[in-house]
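Chain by chain, the residues run as shown.
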Amino acid sequence: MIDHVTLRVTDLDAVRPAYDAVLSTLGIARNVDDPTLPEWRDFSLQQTDAEHPVTTGAHVGFVAPDRAAVDAFHAAGLAAGWRDAGPPGPRPQYLPDYYGAFLLDPDGTSLEAVHHGRRRTDGHVDHVWLRVGDLAATRAFYTAFLEPAGLTVGIDSPDHLLLRAGGGSVSFVPGERPSAHLHLAFSSSGGEPAVDAFHAAALAAGGVDHGPPGRRPIYHPGYYGAFVLDPDGHNVEVVHHDR
């Protein structure tokens, strides 16, 4: 399933309070108050620096408990000075009961609150959409490690690859300006061997090593993860939490 999604932002101190206000409308409270890596359960932010540019072109959708929460999410974003990218309302082109609203944060990241009958209950991130430079290369990369990452293919068409990750999903579509600099982590029920298998398969599929399998106690005791850069340079991780 989707373990966590991390965005790099231009001004972390400025946007942290706004994210608190916007996400609180969906019942998502900040659970880690680290000044450099605040977390709202399976979503987090980090400050850009010389080695880590700002995230661009990404779309992240969050689970809303009901339609009223979608409305409140949109209103809170506008009150924070974020830009409207689509007012609350039905979007039957996605699902018959799909109700969503869209905002752009100060860095232009597309954020959505969505409520529908397939509501995810194992996390807050409903879906992630990324534009990619070469969908065939992206398909070859991600489908190489479906099992160790706990992923299944939901849509595989010439212009859309959708991977299901527990109750959430990740979509890839072609784009002239690919999304960049997102961190996307999946958790697997396969334990440490699954993390090792992900790393080996991702490298064999053309990924670039960004951190070999191993424990990362800096995050918490028993954190075992591996990191690989995908064809567009996104930092992809599979993690096992041995708590």
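Treat the numbers as computed from the prediction; the structure is a model and nothing was measured. (Residues numbered from 1 in each chain as written. Predicted model: local features only at pLDDT ≥ 70, side-chain atom pairs only at ≥ 80, totals over all residues. Heavy atoms only, no water.)

> What exactly am I supposed to notice about the packing of aromatic side chains here?
Geometry of an aromatic ring pair is reported as the spacing of the ring centres plus the angle between the planes. Summed over the entire model, instances satisfying the criterion amount to twelve aromatic pairs. Aromatic pair Tyr219 and Tyr223: ring centres 4.7 Å apart, planes at 55°, arrangement tilted. (Phe/Tyr/Trp six-rings, centres within 6.5 Å; stacked < 30°, edge-to-face > 60°.)

> Honestly, the pattern of salt bridges in this entry has me stumped. Any pointers?
Taken as a whole, this structure holds nine salt bridges when the rule is applied. Between Asp242 and Arg215 there is a salt bridge, with its nearest N and O atoms 3.8 Å apart. Pair noted here: Asp242 is in the segment after β14 (235-241) and Arg215 is in strand β12 (residues 208-215), with a separation of 27 residues, a long-range link. Through salt bridges with shared partners, a single ionic network connects Asp20, Arg30 and Asp33. (Salt bridge = Lys/Arg side-chain N within 4 Å of Asp/Glu carboxyl O. Helix = DSSP H or I, 4+ residues; strand = E, 2+ residues; numbered from the N terminus.)

> I would appreciate a short explanation of the sheet that holds β14 in the present structure.
The strands that make up a sheet are held in pairs by hydrogen bonds between backbone atoms, and each pair lies either parallel or antiparallel. The strand order across the open sheet formed by six strands is β2-β1-β11-β14-β13-β12, and the pairing between neighbours is mixed. Both edges of this open sheet fall to β2 (43-47) and β12, since each of them pairs with a single strand only. With strand direction ignored, the average angle separating the axes of adjacent strands in the sheet is 20°. Relative to β2, strand β1 (residues 2-9) is paired through five bridges, and the arrangement is parallel. Across the sheet, the residue bridging to Val9 is Gln47, located in β2. (Pairing = 2+ DSSP bridges. Axes fitted to C-alpha atoms, helices over the stretch in contact; angles between N-to-C directions.)

> Any chance you could explain the nonpolar core here in plain terms?
Nonpolar side chains tend toward joint burial in soluble globular proteins. Counting 56 residues, the largest nonpolar core has Tyr19, Phe43, Leu45, Phe62, Phe145, Phe172 and Phe186 as the members making the most contacts within it. Element by element, the count of residues in this core is highest for helix α1 (residues 12-24), at six residues. Contact partners of Phe43, with chain neighbours within four places excluded, come to Val5, Leu7, Tyr19, Leu23, Pro38, Phe62 and Val125. (Core = buried A, V, L, I, M, F, W, Y, C linked by side-chain atoms within 4.5 Å. Buried < 20%, exposed > 50% of the residue type's maximum accessible area, 1.4 Å probe, protein only. Contact = heavy atoms within 4.5 Å.)

> Would you take a moment to explain the environment of Ala68 for this structure?
With respect to the secondary-structure elements, Ala68 resides in helix α2 (residues 67-79). Along the chain, Ala68 and His115 lie 47 residues apart, while their C-alpha atoms are 9.5 Å from each other.

> Just to check I follow, could you spell out the sheet that holds strand β4 (residues 83-90) for this structure?
Pairing is mixed in the open sheet, where eight strands are placed in the order β4-β5-β6-β3-β7-β10-β9-β8. Edge positions in the sheet fall to β4 and β8 (151-157), since each of these pairs with one other strand and no more. This sheet shows a mean twist of 15° between the axes of neighbouring strands, independent of strand direction. Here strand β5 (residues 99-104) pairs with strand β6 (residues 110-115) via six bridges, running antiparallel. The residue of β6 that forms the bridge with Tyr99 is His115. The strands touched by α2 are β4, β5 and β6; relative to β5, the strand with the most contacts, the crossing angle is about 15°.

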